[in-house]
Amino acid sequence: MTYIAKPKLHHPTLACNAIGFTRRDYEGKISTLCAGCGHDSISAAIIQACWELDIEPHRVAKLSGIGCSSKTPDYFLGQSHGFNTVHGRMPSVLTGANLANRELIYLGVSGDGDSASIGIGQFVHAIRRGVNMVYIVENNGVYGLTKGQFSATADLGSKSKKGVVNTDSPLDLVGLALQLGASFVARGFSGDKKQLVPLIKAAIKHRGPAVLDVISPCVAFNNHPGSTKSYDYVREHNEAANRLDFIDVRDEIVVDYAAGELIDITQHDGSVLRLRKLHANHDPHDRVAALAYVHERQAKGEVVTGLLYVDAEAEDLHRHLNTVPTPFHRLGAKELSPGAATLAKINAALR
Amino acid sequence: MKPITATNDFVIKFANVNGSGSASANELFAKAILRMGVPVSPRNIFPSNIQGLPTWYEVRVNERGWLGRRGGVDMMVAMNPQTWDADVKELAPGGYLFYDSTKPLPPSKFRDDIVVIGMPLTAICNRTYADARQRQLFKNIMYVGALSVLLGIDDAEIRKLFGEQYKGKEKLLDSNVKALELGRDYAREHLAHPIGLQVRRADAVGERIFVDGNSAAALGCVYGGATVCAWYPITPSSSLAEAFQKYCMKYRVDAETGANKFAIVQAEDEIASIGIVVGAGWNGARAFTTTSGPGISLMNEFIGLAYFAEIPVTIIDVQRGGPSTGMPTRTQQSDVLACAYASHGDTKHVLLFPEDPHECFEFSALALDLADRLQTPIFVLSDLDIGMNQRLTAPFVWDDAREYDRGKVMTAAELEAGKEFARYKDVDGDGIPYRTYPGTHPSKGAYFTRGTSRDPYARYSERGPDYVYNMQRLLKKFATARTLVPAPVPRAARQKTRHGAIYYGSTSPAMDEAIAALEDDGLNLDTLRVRAFPFADSVAEFIAAHEAVFVVEQNRDGQLRTLLVNEFGIDPAKLVPILHYDGTPITARFIAEAIGAHLRAARVAPIGKDKVA
Ligand SMILES: Cc1ncc(C[n+]2csc(CCOP(=O)(O)OP(=O)(O)O)c2C)c(N)n1
Ligand code: SF4
Ligand SMILES: [Mg+2]
């Protein structure tokens, strides 16, 4: 891994978005990841998506676990509060943060080791609970930061750089997320920004747990031929389920797609996801069909990408818990303490 | 055989089968005595792994107000055939055995040095009630009725308690009163009464309330402004989270919108519980978790993160016997070291030691303030003895003028005005830096929180000096904590003495009584009740002022003593450990005997460095 400072991510324009920010305003510290690491491309896509959505950077809270992937929140949205927590436990910290203040956008960034190995339990339960978040797994099938050991998404039979062969079956985070009830499930590829940026935008606009499994090749430890998480493999076997265009509430809906089946999905806030289907048999409203489809393609060695499932009307944990909309830090003793008179009554009842 | 005679000073123990409805009947019994102005201290004993799930409820009746466990049993209410033999054996000679005589038992099942009082409870119930549930429930009320006749408990107090409990439920009220009368009638007609044990009206209860520590702590969290609670069930802490839920539903629902001013998550494990609390604390909520020893073990990595990243966290540890599952339903003070130095790396944490439910309330609310003020984990170390037993305690107090201390939080206005924000810089000389809540300001005050080292501006740094600056600042902050935590409570002996004793937490009532007993014996001891860690300087002064100091604890290894030795660099020979750790609450008898033996020996030969311990 190199720590040589690299120039800021390259931007073709310094155009301002609707709230007057340039893309540069969404950048963070200079990345310390290896040149060519897929994770940096995902950071760039996050920057692009937030810029395009006109999000005020400080309204985002970015949380991560531990790993190369989990370091990345330092490299985007420098005006957002970030929290690099402990290995595999970002989901619980994000859950707590979200409970404390529902006014912010919660962006969780994790790796396959972080989420599928040590943190699989928290991955599962945060989704089950319906935490309103964007959960991005930067999936390279390997532990990058600790230098190339297998993660739980490593291919069966794959060989590590040190020559060890993996005999454990891989976990499929997309399949898992579908089973667990995530209301937004998508897979992207770090090398396909055109697909990834709309997916991230749609995930941000979604209410409920939005899981984005992004194949993100590790050039240092897992970019060899045969790895299903290498650049070449994904480019050759990418089976896009659909092409997504994200249309924000205030945008006029204009069709600029080539003919083909189109589906519009209106999210709870009015924003529209416009899907151009590449595969006629994929219905993004059908959880069971999505699962079957992913498995069917996987068996053929294909990596399905795109928006696999969305429930635009999903509820989230705050709804389940019926919490007040006010961020908790704004509630003081006046709002929270039942008062001395009530305490006198409580005392009386305990005599 | 001489039957025991005692008025307002005896121990009665109920042996029951779990889930038989005995708990509420036994509580009724205890409360009726309280209402007569006579202090009681009941204790639940509930082993977790014996078939048939027996439970015991031991009530000490004591007009002098000693609330610690006394030891010994003067009267046994033996309602569980499975534990019969052990229960009969436990009774003191001259004690009273009250039992259900429906089924005749062979003489070998009894002792001839006790008074046996049989009442055909099952037969009376079967005769009176058709419904199986009623038969069971009213059997309990019936024995309370009989006991009231035998012990001289005013039945008007019991009726009053029924009236309060079944307000507006006339049918339930009537049937309970009827069962009570049935029991009283039978006792009056068939049983020799009064017996040697008697309750006599007194005026020794006063303003005090009767409540368990877990409910008190939960209420403290409600008053103290906790909005997020994440927990994972574990005895003996579960009832705390459940009580918090109950109180929140009652006192924290917005009257207009019906929305909740709280969020409670039963997490998938203790790692997630503390993770949720860390996330909520980071984001400005007052958050707490409650657990017991095994949960503390699981939380360790996060505790280190919260310490180093400086996140307010409140952890209420209701201690039980460890290690591992140890004695899950028994009491101990054995998590002191595990909490004081929890996690990897150099860490030290603030601990609060409540002595009773009153302090459980007070310290829980205080912990939330201290967590925000000090931006660090605060532990409230309760235990099963205070947590799960109702205890007579001073009433809860709350001042409506009290505002929450949210600590050093830089606001958008301050940032806007150009105040410098450096997340990990000691600007006030107390080691406590400023923080900002996420989302405060569009271009100022954001920072990246991490468990890795960083410079005062929260920038990643592996430079030695940056690391050392930070670790030194954390020590300074710990020194500040010393000035904010509850001060130790000293008590001077009647006469000047060379001996002192230090104790803490649930040991208090037994200690009070032991001191009185030792004084009656002419043995004098200054005491100091430690209420928090880091220790105040007065703790070191107390030790320095005495030749030898006993450290009374409910664990095997003398954990607080270790902390004292370690933090003050005290000669260990000066601190004499008095340790009780069989899982039962420590008793005055135990303390008085153990300390008494040392003091008597010291009378013969003055305590010197090599003579104690
Ligand atoms: C409790 C704990 N155990 C182990 C580690 C060491 N560790 C750091 S990162 C990592 C694996 C990260 O893998 P992944 O999440 O896939 O991230 P990547 O580096 O591949 O992006 C491990 C095992 C740690 N930080 N904490
Ligand atoms: S994930 Fe791989 S390529 Fe990326 S920074 Fe880590 S080691 Fe380098
Ligand atoms: Mg990885």
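If you're wondering where the values come from, they're calculated on a predicted model, not measured in any experiment.

Asks: Sorry, what's going on with the overall build of chain A here?
Replies: In terms of helices and strands, chain A carries 12 helices and 13 strands. A compact globule built from 351 residues should have a C-alpha radius of gyration of about 20 Å, and chain A, at 21 Å, falls within 12% of that. By residue count, 61% of the 351 residues in chain A fall in the buried class. Positive and negative charge centroids in chain A, built from 37 and 36 side chains respectively, lie 7 Å apart.

Asks: It is not clear to me how the site of ligand 2 should be interpreted in this structure. Could you clarify?
Replies: Lining the immediate surroundings of ligand 2 are Leu33, Cys34, Cys37, His39, Cys68, Asn140, Gly144, Cys218, Val219, Ala220 and Phe221 of chain A. Among the residues forming the shell around ligand 2, the class breakdown is 8 nonpolar, 3 polar and no charged.

Asks: Would you mind going over the environment of glutamate 56 of chain A with me for this structure?
Replies: All names here are of chain A. Relative to the elements of secondary structure, glutamate 56 occurs in the loop between helix H1 (38-52) and strand S1 (60-64). The exposure class assigned to glutamate 56 is partly exposed, which follows from its relative accessible area of 37%. Along the chain, glutamate 56 and lysine 29 lie 27 residues apart, while their C-alpha atoms are 18 Å from each other.

Asks: Where do I start with the domain arrangement of chain B in this structure?
Replies: Frequently, the measure chosen for interface size is the accessible area that the parts lose on association. Residue and element names in this part refer to chain B. Segmenting chain B into domains produces domain 1 (6-198), domain 2 (211-393), domain 3 (412-484) and domain 4 (489-612). On the side of domain 3, 25 residues touch domain 2, which itself brings 21 residues to the contact. Here domain 2 and domain 3 share 4 salt bridges between them. Where lysine 477 meets glutamate 310, a salt bridge forms, and the shortest distance between an N and an O atom there is 2.8 Å. Where domain 2 touches domain 3, the interface holds 12 residue pairs in polar contact (both at pLDDT 80 or more). For the side of domain 2 that touches domain 3, the residue count by class is 10 nonpolar, 6 polar and 5 charged.

Asks: What am I meant to see in the layout of surface pockets here?
Replies: In this approach, a probe sized like a water molecule rolls over the atoms, and the result shows the empty space that is left. Approximately 1,100 Å³ is the volume attributed to the largest pocket. Secondary-structure elements contributing two or more residues to the lining of the largest pocket are helix H12 (340-349) of chain A together with strand S2 (9-17), helix H1 (22-35), strand S3 (40-45), strand S4 (54-62), strand S9 (209-212) and helix H8 (238-251) of chain B. Both domains that furnish three or more residues to the lining of the largest pocket are identified here as domain 1 (6-198) and domain 2 (211-393) of chain B. Looking at the second largest pocket, its volume works out to about 780 Å³. Taken together, 33 residues form the lining of the second largest pocket, with Arg450, Gly451, Thr452, Ser453 and Tyr460 of chain B sitting closest to its centre. Residue assignment for the lining of the second largest pocket shows that the elements contributing at least two residues are helix H10 (293-309), strand S17 (448-450) and helix H15 (464-484) of chain B. If one sorts the elements of the lining of the second largest pocket by residue count, H10 of chain B sits on top with 5 residues. Class assignment of the residues belonging to the lining of the second largest pocket gives a composition of 13 nonpolar, 12 polar and 8 charged. Split by domain, the lining of the second largest pocket shows at least three residues from each of two domains, domain 2 (211-393) and domain 3 (412-484) of chain B.

Asks: What should I look at first to understand the pairing of S1 of chain A in this one?
Replies: Residue and element names in this part refer to chain A. Burial analysis of S1 places 5 of its 5 residues in the buried class, which makes it a mostly covered element. What you see with S1 is no split at all: Val60, Lys62 and Ser64 on one side and Ala61 and Leu63 on the other are buried throughout. Sheet topology note: the S1/strand S3 (residues 105-111) ladder contains 5 bridges and is parallel. Its bridge partner being in S3, leucine 63 is matched across the sheet by glycine 108.

Asks: I would appreciate a short explanation of the coordination of the magnesium ion (ligand 3) in the present structure.
Replies: Residues and elements named next belong to chain A. Coordination of the magnesium ion (ligand 3) by the protein involves Asp112 (OD), Asn140 (OD1) and Val142 (O), with metal-donor separations of 2.1 to 2.2 Å. Each donor residue of the magnesium ion (ligand 3) lies on one chain, and together they are spaced D-x27-N-x1-V. With aspartate 112 in helix H4 (residues 112-118) and valine 142 in strand S5 (residues 142-143), the pair connects residues that are 30 residues apart, well separated along the chain. Neither residue differs from the other here; aspartate 112 and valine 142 are each classed as buried.

Asks: Just to check I follow, could you spell out the nonpolar core for this structure?
Replies: The nonpolar side chains of a soluble globular protein tend to be buried with one another. The biggest cluster of nonpolar side chains holds 148 residues, and the ones touching the most others in it are Phe123 of chain A together with Phe244, Leu351, Leu352 and Ile502 of chain B. The dominant element in this core, judged by the number of residues it contributes, is helix H12 (residues 357-374) of chain B, at 9 residues. In this structure, leucine 351 of chain B is in contact with Val336, Cys339, Ala340, Phe379, Leu381, Arg531, Ala532, Phe533 and Leu563 of chain B, ignoring residues within four places of it in sequence.

Asks: Mind showing me how you'd approach the pattern of salt bridges here?
Replies: Close approach of charged atoms allows side chains with opposite charge to pair. Overall, the coordinates contain 60 salt bridges over all chains when judged by the stated rule. With a closest N to O distance of 3.3 Å, aspartate 172 of chain A and arginine 187 of chain A form a salt bridge. Of this pair, aspartate 172 of chain A sits in the loop between strand S6 (149-150) and helix H6 (173-180) while arginine 187 of chain A sits in strand S7 (residues 184-189); the two residues are 15 residues apart in sequence, bridging distant segments of the chain. Here aspartate 172 of chain A matches arginine 187 of chain A in class, with each residue buried. In this structure, the salt-bridge partner of aspartate 154 of chain B is arginine 201 of chain B, at a minimum N-O distance of 3.0 Å. Placement of the pair is aspartate 154 of chain B in the loop between helix H4 (132-151) and helix H5 (155-165) and arginine 201 of chain B in the loop between strand S8 (197-198) and S9, with a sequence separation of 47 residues. A residue is classified by how much of its surface remains accessible, and aspartate 154 of chain B, at 26% relative accessible area, is partly exposed. Connected via shared salt-bridge partners are Asp155, Arg159, Glu181, Arg184, Asp185 and Arg188 of chain B.

Asks: Explain the packing of aromatic side chains to me, please; I cannot follow it from the model alone.
Replies: Aromatic rings considered in pairs are described by the distance between their centres and by the relative angle of their planes. If you walk through the whole model with that rule in mind, you get 24 aromatic pairs over all chains. For the ring pair tyrosine 247 of chain B and tyrosine 251 of chain B, a centre distance of 6.4 Å and an interplane angle of 20° mean the geometry is stacked. Residue tyrosine 247 of chain B and its partner tyrosine 251 of chain B are located together in helix H8, separated by 4 residues, close to a single helical turn. Taking relative accessible area as the criterion, tyrosine 251 of chain B reaches 22% and is therefore assigned partly exposed. Within the aromatic cluster, the residues linked to one another by ring pairs are Tyr341, Phe478, Phe533, Phe535 and Phe568 of chain B. Taking the ring centre of phenylalanine 76 of chain A as reference, the NZ or CZ of lysine 62 of chain A above it sits at 5.7 Å.

Asks: Where do I start with the sheet that holds strand S11 (residues 263-266) of chain B in this structure?
Replies: By definition, the strands of a sheet pair up through backbone hydrogen bonds, in either a parallel or an antiparallel sense. Residue and element names in this part refer to chain B. With respect to topology, 7 strands assemble into an open sheet ordered S11-S10-S12-S13-S15-S14-S21, the strand pairing being mixed. The sheet is open, and its two edges are formed by S11 and strand S21 (532-533), each paired on a single side. Where strand S13 (residues 313-319) meets strand S15 (residues 377-383), 7 bridges bridge the pair, whose relative direction is parallel. Among the inter-strand pairings, isoleucine 316 is bridged to a residue of S15, identified as valine 380.

Asks: Hey, could you run me through helix H3 (residues 90-100) of chain A in this one?
Replies: Because each turn of an α-helix spans 3.6 residues, side chains separated by three or four positions end up pointing in the same direction. When you tally the buried positions in H3 of chain A, you get 11 out of 11 residues, the bulk of the element. Those residues of H3 of chain A not exposed but buried are Met90, Pro91, Ser92, Val93, Leu94, Thr95, Gly96, Ala97, Asn98, Leu99 and Ala100 of chain A.

Cut-offs applied
- In every chain, residue numbers begin from 1 and rise along the written sequence.
- Key to labels: chains lettered from A, ligands numbered from 1, both in the order written.
- Per-residue local features are limited, in this predicted model, to residues with pLDDT of at least 70; the limit for side-chain atom pairs, both in listing and counting, is 80 or more; totals at the level of whole chains, interfaces and linings are taken over all residues.
- Calculation of side-chain values draws on the structure's entire complement of heavy atoms; hydrogens and water are dropped beforehand.
- Helical segments are the DSSP runs of H or I of at least four residues, strand segments are the runs of E of at least two, and each set is numbered from the N terminus.
- The globule rule used here is 2.2 Å times the number of residues to the 0.38 power, and the radius of gyration it is set against is calculated over C-alpha atoms.
- Only protein chains enter the accessibility calculation, which uses a 1.4 Å probe. A residue is then buried if its area is under 20% of the maximum for its type, exposed if over 50%, and partly exposed in between.
- The charged-residue count follows a simple rule in which Lys and Arg add positive charge and Asp and Glu add negative charge, with His and chain termini not counted at all.
- Taken as the charge centre is NZ of Lys, CZ of Arg, CG of Asp or CD of Glu, depending on the residue.
- Any residue with a heavy atom positioned within 4 Å of a molecule or strand is treated as near that molecule or strand.
- Residue type decides the class: Asp, Glu, Lys and Arg count as charged, Ala, Val, Leu, Ile, Met, Phe, Trp, Tyr, Cys and Pro as nonpolar, and the leftover types, Gly among them, as polar.
- For the domain bounds, the source is a domain assignment made automatically or taken from a database.
- Whether two residues are in contact is decided by their heavy atoms: any pair within 4.5 Å suffices.
- The working definition used for a salt bridge is a side-chain nitrogen of Lys or Arg within 4 Å of a carboxyl oxygen of Asp or Glu.
- The definition of a polar contact used here is a pair of N or O atoms within 3.5 Å, where within protein one atom must be able to donate a hydrogen and the other to accept one, and adjacent residues in sequence count solely through side-chain atom pairs.
- Cavity: a set of points on a 1 Å grid over the protein atoms alone where a 1.4 Å probe fits but cannot get out. Pocket: an open set with protein on both sides within 12 Å along at least five of seven lines, its lining residues, like those of a cavity, having an atom within 4 Å of a point.
- Grid points are joined across faces, edges and corners, and a volume is the space filled by probe spheres set on the points.
- Strands pair, by our definition, only if DSSP identifies at least two bridges between them.
- Water is absent from the atoms considered, so a metal site may look incomplete; donors are defined as N, O and S atoms within 2.8 Å of the metal, or 3.2 Å for Na, K and Ca.
- Put simply, buried Ala, Val, Leu, Ile, Met, Phe, Trp, Tyr and Cys residues joined by side-chain atoms within 4.5 Å make one nonpolar core.
- Pairing of aromatic side chains requires ring centres within 6.5 Å, counting the rings of Phe and Tyr and the six-membered ring of Trp. Pairs whose planes differ by under 30 degrees are stacked, by over 60 edge-to-face, and all others tilted.
- Think of it as a cone above the ring: NZ of Lys or CZ of Arg counts as a charge over the ring if it is within 6 Å of the ring centre and within 35 degrees of the ring normal.

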